[in-house]
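So you can see what is in the structure, the chains are spelled out below.
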Amino acid sequence: MHRTDISNPNYFHKVVDCQWACPAHTPVPEYIRLIAQGRYSDAYMINWVSNVFPGVLGRTCDRPCEPACRRGRVEQNNGEQPEPVAICRLKRVAADMKDDVARRMPRVEPRNGKRIACVGAGPASLTVARDLAPLGYDVTVFDGEAKAGGFIRTQIPRFRLPESVIDEETGYILNLGVHFRNNQRVESMRELLAQGYDAVFVGCGAPRGRDLRIPGRTEAALHVHIGIDWLASVSFGHVKSIGERVIVLGGGNTAMDCCRSARRLGGKDVKVIVRSGFEEMKASPWEKEDAMHEGIPILNFHVPRAFVHENGKLKGMSFEIVKAVYDEKGRRTLVPTGEPDAFFECDDVLVAVGQENAFPWIERDCGIAFDEWGLPVLDKGTLQSTVANVFFGGDAAFGPKNIITAVAHGHEAAVSIDRLLSGEDIRARPAPMTNLVSQKMGIHEWSYDNDTSLDTRFKVPWAKAEKALASIKVEVELGFDVATAVKEAGRCLNCDVQTVFAESACIECDACVDICPMDCISFTINGEEADLRKRLKAPALNIAQALYVSGGLKTGKVMVKDEDVCLHCGLCAERCPTGAWDMQKFLLKMAPAGPASRDRTAPAPHQGVPA
């Protein structure tokens, strides 16, 4: 194998598993250390620069960072499933415990004469506004609702996300000089383009819930509700009750929000019924756990057959019972078991079987091309449509996903718009800005706490059930207190503090090999990767994570380190008699829209990063 090029920004970025997995590339270990130090405002601002909505995401994020967390694969947990650091809930700690950060928001540059229209006031559009308004762009955000937030406000129940948090974090963006045209739904793309905007960003989400057209749907229509529409009606106070017996169809997060909301609005017998297996449900594992914790059963492998009614009154639903059968290629087919159909009585049904994009306001002859699924044809890297100055992001781009992906789209689209309006090639994406800084404070001391915590994951306390289930507006999760937050933060393995090896100083004494608690360092003869992975002190089995390979040493061997299981404990650097190993903090910052993305010699504008 060739010597590892650690100057490549993606090499150590990929070692920081949580940051690599985060669509917005939030520097997770950095803000967790700040939380442990009680620097909540600094931790909040680091989050805000990357993911824009720390308080919202600290309660509702889909947490792609947590399954990637190294702790989840190296922790010894007495035979139980190891658990990652509670990254999402620590983000909430920063949001809940920060000081007033309004003064730390970006300074707005003088207007540059360029006008941007954002359609929809959801997370993608607001991220575009957050990135472009401080640069001097005149940004106008249109939305059909009275307040900004998009599906954050309309579809996430208040018992998960208080409205005050949404108001605060959308307010930070609107206060950057953004024009918010509330209660003003865009009805025509042609008319919008005719208003002379230099660029248009479409972040209107996937506003249409899929229906379920099976026998009885029309006759029982009064008591069959589309999940996302029903949640919006609950959010705005138009719906305040539901029948005692409720069936929720669907296995995604929307279904979990529907069933838990129904439980609070009078549903005494609420059940979720899905056609797939429990493990195949699209809902996040913790969303399923929360629903079951509140006494809501989830019945799987039931395919809806009919809404059963009498004289227009819904009586219940019938289901075909199926099982999963897999062919030799692992493809799944649901086949009937032959058992009699199941029947469940109900008063109301909430249909949460998916969402789809709807663009009736975009004329099909205005130049924007759509694919066979009704999605816009986009450049996936730039989010540019077939009309050069029109961009899409969030659920409107590639279909329903989540908030953090919408934020990532907003950042990318802002870079594209800025480069386009600066006369530059928008496909030439700037590389991230990175550095490596030694954490050495003495011969055996580091500027970070490298002691590996043996604590298992701490649980977030909940409000008492009788209080939480009595109101749709009582927040269920209470968040960590300071003491628990510090202990949970201590579980972070500081994966951004990298083990950096200088082969010129190595005397091949094997001291680092002997002390490594994970057996992830080996000195061996070089070879092809597949062969080399098998010959290490402990085989490196995860081929998705690169090996760290040195140049040739004096004996002709090379140092090979398995990055996948390293604890970043620094024992190798402490034990090394020559200083061949060093612990260096890796900081990666994605280039934001503005001078940093156009000309690296120009200073970047103030972006609210803590000193």
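Residues numbered from 1 in each chain as written. Predicted model: local features only at pLDDT ≥ 70, side-chain atom pairs only at ≥ 80, totals over all residues. Heavy atoms only, no water.

Focus: the overall build of the protein
Stated formally: Segments assigned H or I by DSSP are reported as helices when at least four residues long, segments assigned E as strands when at least two residues long, and all are numbered from the N terminus. Radius of gyration: over C-alpha atoms. The globule rule applied is 2.2 Å multiplied by the number of residues raised to the 0.38 power. Only protein chains enter the calculation, and the probe is 1.4 Å; a residue is then buried if its accessible area is under 20% of its type maximum, exposed if over 50%, and partly exposed in between. In this description, contact between two residues means that some pair of their heavy atoms is separated by no more than 4.5 Å. Only the protein chains shown count as covering a residue, and every accessible area follows the Shrake-Rupley method with a 1.4 Å probe. We treat Lys and Arg as the positive residues and Asp and Glu as the negative residues; His and chain ends play no part in the count. Here the site of a charge means NZ on Lys, CZ on Arg, CG on Asp, or CD on Glu.
Each helix and strand in the protein was counted, giving 23 helices and 22 strands. Compactness check: the protein gives a C-alpha radius of gyration of 26 Å against a globular reference of 25 Å for 611 residues, within 12% of the reference. Counting only C-alpha atoms, the protein reaches 90 × 65 × 50 Å along its principal axes. Out of the 611 residues in the protein, the part that is buried amounts to 57%. Within the protein, counting contacts between residues at least 6 apart in sequence, those at least 24 apart form 72% of the total. Summing over all exposed atoms, the protein offers an accessible surface of approximately 26300 Å²; the carbon and sulfur share of this is 51%. A gap of 1 Å separates the mean positions of the 74 positive and 80 negative side-chain charges of the protein.

Concerning the packing of aromatic side chains
This is how the line gets drawn: Think of it this way: a Phe, Tyr or Trp ring, Trp meaning its six-membered ring, pairs with another when their centres are within 6.5 Å, and the plane angle makes it stacked under 30 degrees, edge-to-face over 60, tilted otherwise.
On inspection of all chains with the given rule, the structure shows eleven aromatic pairs. Aromatic side chains Phe359 and Phe370 sit 5.6 Å apart centroid to centroid with 40 degrees between the ring planes, which places their arrangement in the tilted category. Of this pair, Phe359 sits in the loop between β15 (355–356) and β16 (390–392) while Phe370 sits in the loop between β15 and β16, and the two are eleven residues apart along the sequence. Of the two residues, Phe359 and Phe370, both sit in the buried class. Through a chain of ring-to-ring contacts, the aromatic side chains of Tyr11, Phe12, Tyr548 and Phe586 assemble into a single cluster.

Regarding the confidence of the model for the protein
Rules: pLDDT is defined as a per-residue confidence score from the predictor, taking values between 0 and 100.
Averaged over every residue, the pLDDT of the protein is 93; the share at 70 or more is 97%. Long-range and interchain partners of residues 600–611, a stretch whose pLDDT sits below 50, account for 29 contacts in this model, where long-range means more than four residues apart.

So, the sheet that holds strand β3 (residues 179–181)
The condition that has to hold: We treat two strands as partners when DSSP finds at least two bridges between them. Note on method: axes are straight lines fitted to C-alpha atoms, helices fitted across the in-contact stretch only, with angles between N-to-C directions ranging 0 to 180 degrees.
Here five strands make up an open sheet; going across it, the order is β3-β2-β1-β4-β16 and the pairing parallel. What marks the edges here is a single partner per strand, and that holds for β3 and β16. With direction set aside, neighbouring strand axes in the sheet form an average angle of 20 degrees. By the bridge criterion, five bridges tie strand β1 (residues 115–119) to strand β2 (residues 138–142) in an arrangement that is parallel. Among the inter-strand pairings, Ile116 is bridged to a residue of β2, identified as Val139. Packed onto the sheet, helix α17 (residues 403–421) meets β1, β4 (199–202) and β16 and runs at close to 170 degrees relative to β4.

Some details on the nonpolar core
When a protein is soluble and globular, its nonpolar side chains tend to lie buried together. Applicable threshold: For this analysis, a nonpolar core means a set of buried residues of the types Ala, Val, Leu, Ile, Met, Phe, Trp, Tyr and Cys, connected via side-chain atoms within 4.5 Å.
Leu132, Val139 and Ile521 are the most contacted members of the largest nonpolar core, which totals 105 residues. Per-element accounting of this core gives the leading share, nine residues, to α17. Not counting residues within four places of it along the chain, the set of residues in contact with Ile521 comprises Cys512, Val513, Cys516, Lys537, Met559, Val560, Lys561, Cys572 and Trp581. If you look at the next biggest cluster of nonpolar residues, it comprises 27 residues, including Trp230, Cys259, Met281 and Val476.

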